[in-house]
Amino acid sequence: MTTESHEKQKGRHFSMIRTFVLADFVTLGNGFSGAGAILSAMQYLATGETRWLWVAFSLMPLAFVLDALDGRIARWRFKSSPLGADLDSLADVISFGMAPAALAFAVGMRGALDVAVLLYFVACGISRLARFNVTAAQLSDGTGKVRYFEGTPIPTSLALVAVLAVATWKGRIGPGAGLLGGVWEVGAFSLHPLVLLYLVSGSAMISKTLRIPKF
């Protein structure tokens, strides 16, 4: 390889990072917060130390704040990148889809039926974000701002995390009947009624009849 070609290849290193604008780094902070919450939930399962759950719970509002800020920063600076929308959706799947599901599993919703509902919830979140990306242009007004959401926005899953935080504060967590809401025996399987909140939340996200104004 000649020196000239080597310099050209070297110049391409981190070219993707160089295309990022400030809003993109804020979006990555959202994704990092959600990933941190998932890892904290795993650490709780490994150690049994409740403080790791509280670390996870505290990272969730941070993810929400960063998610709200990235769009405002892009509009304020009049700068966005081609990757911005996709970065935002991927970060949201982690922070408001996988992280709430991982926390539910960690606090005790670990039965086969519980897991099926949690997987449904994550699938709804992914589908909801994909639909938003496809329909954003036709739902936007003359300024390019989306007028309303079809279905509930995925960050509404923070309400589920708040319920889990209350259950943890009350000491009502665990894989058995001690979990807030108890447990139902459905044939050979067990189902924690608390997981039904995830069923409702996921269904609301993919609803086409719910129209939530975007402020």
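Residues numbered from 1 in each chain as written. Predicted model: local features only at pLDDT ≥ 70, side-chain atom pairs only at ≥ 80, totals over all residues. Heavy atoms only, no water.

1. Some words on the overall build of the chain
Moving on, step 1. Secondary structure summary: the chain contains eight helices and four strands in total.
Moving on, step 2. Listing the helices and strands of the chain from first to last along the sequence gives α-α-α-α-α-α-β-α-β-β-α-β.
Moving on, step 3. Evaluated residue by residue, the chain yields a buried proportion of 44% over its 215 residues.
Moving on, step 4. A separation threshold of at least 6 residues defines the contact pool for the chain, and within that pool the share at least 24 residues apart is 73%.
Moving on, step 5. By element, 69% of the accessible surface of the chain is carried by carbon and sulfur atoms, the whole surface being about 11700 Å². (Helix = DSSP H or I, 4+ residues; strand = E, 2+ residues; numbered from the N terminus. Buried < 20%, exposed > 50% of the residue type's maximum accessible area, 1.4 Å probe, protein only. Contact = heavy atoms within 4.5 Å. Areas by Shrake-Rupley, 256 points an atom, 1.4 Å probe, with all protein chains shown as cover.)

2. Regarding the side chain of E150
Moving on, step 1. Relative to the helices and strands, E150 is located in strand β1 (residues 148-150).
Moving on, step 2. Judged by relative accessible area, E150 falls into the buried class, the value being 11%.
Moving on, step 3. Here K208 takes part through its side chain, which lies 3.4 Å from a polar atom of the side chain of E150. (Polar contact = N/O pair within 3.5 Å; in protein donor to acceptor, adjacent residues only side chain to side chain.)

3. Focus: the UniProt feature "transmembrane region" (unreviewed entry) in the chain
Moving on, step 1. The positions that UniProt labels "transmembrane region" (unreviewed entry) are, in the present scheme, residues 21-46, 52-69, 90-109, 115-134, 146-169 and 189-207.
Moving on, step 2. Segment residues 52-69 splits into 100% helix and 0% strand. End C-alpha atoms: 26 Å apart. (UniProt positions renumbered as here; feature names shortened; annotations may be inferred.)

4. Digging into helix α8 (residues 196-205)
Moving on, step 1. Every buried residue belonging to α8 is among Y198, S201, G202, A204 and M205, and all of these are buried. Projected onto a plane normal to the axis of α8, the buried residues spread over an arc of 160° and lie on a single side. (Arc of directions from axis to C-beta.)

5. Description of a nonpolar patch on the surface
Moving on, step 1. On the surface, W54, V166 and W169 cluster together into a nonpolar patch covering about 350 Å² of accessible area.
Moving on, step 2. Its location among the elements puts W54 in helix α4 (residues 51-77).
Moving on, step 3. Accessibility expressed as a relative area gives 36% for W54, which makes it partly exposed. (Patch = residues over 30% accessible without salt bridge, like charges linked within 9 Å, V, L, I, M, F, W, Y side chains within 5 Å. Salt bridge = Lys/Arg side-chain N within 4 Å of Asp/Glu carboxyl O.)

6. Here we look at the confidence of the model for the chain
Moving on, step 1. When pLDDT is averaged across the chain, the result is 85; 77% of the residues are at 70 or more.
Moving on, step 2. The weakest mean pLDDT in the chain belongs to helix α1 (residues 3-11) at 50; the strongest belongs to helix α7 (residues 158-169) at 98. (pLDDT = per-residue confidence, 0-100.)

7. With respect to the environment of A130
Moving on, step 1. The topology assignment puts A130 in helix α6 (residues 112-139).
Moving on, step 2. A sequence separation of 41 residues divides A130 from S89, and the C-alpha atoms of the two residues are 7.9 Å apart.

8. A few points about the packing of α7 against α8
Each pair of packed helices can be described by the angle between their axes along with the distance between the axes.
Moving on, step 1. The N-to-C vectors of α7 and α8 enclose an angle of 170°; their axes lie 10 Å apart at closest approach. Comparing their axes, α8 and α7 come out roughly antiparallel. Every residue of α8 that contacts α7 at L160, V163 and L164 is listed here: L197, Y198 and S201.
Moving on, step 2. Considered class by class, the residues forming the contact of α7 with α8 number five nonpolar, one polar and no charged. (Axes fitted to C-alpha atoms, helices over the stretch in contact; angles between N-to-C directions. Parallel < 35°, antiparallel > 145°, perpendicular 65-115°, else oblique. Nonpolar A, V, L, I, M, F, W, Y, C, P; charged D, E, K, R; others polar.)

9. Points about the pattern of salt bridges
Moving on, step 1. For the structure shown, the criterion picks out three salt bridges.
Moving on, step 2. Among the ionic pairs, R131 bridges to E150, the shortest N-O distance being 3.9 Å. One end of the pair, R131, is in helix α6; the other, E150, is in strand β1, with 19 residues separating them in the sequence. Across the pair, E150 and R131 agree in class, each one buried.
Moving on, step 3. Between E150 and K208 there is a salt bridge, and its shortest N-O distance comes to 3.4 Å. Of the two residues, E150 sits in strand β1 while K208 sits in the loop between α8 and β4 (211-213), which places them 58 residues apart along the sequence.
Moving on, step 4. Taken together, the salt bridges that share partners define one network made up of R131, E150 and K208.

10. A few points about the nonpolar core
Moving on, step 1. Formed by 38 residues in total, the largest nonpolar core has its most connected members in M60, L103, M109, L164 and Y198.
Moving on, step 2. Mapped by element, the contributors of at least two residues to this core are α3 (22-47), α4, α5 (84-107), α6, α7 and α8.
Moving on, step 3. A per-element tally of this core places α5 first, with nine residues.
Moving on, step 4. Setting aside chain neighbours within four positions, we find Y198 in contact with P100, A101, A104, M109, V117, L118, F121, L160 and L164. (Core = buried A, V, L, I, M, F, W, Y, C linked by side-chain atoms within 4.5 Å.)

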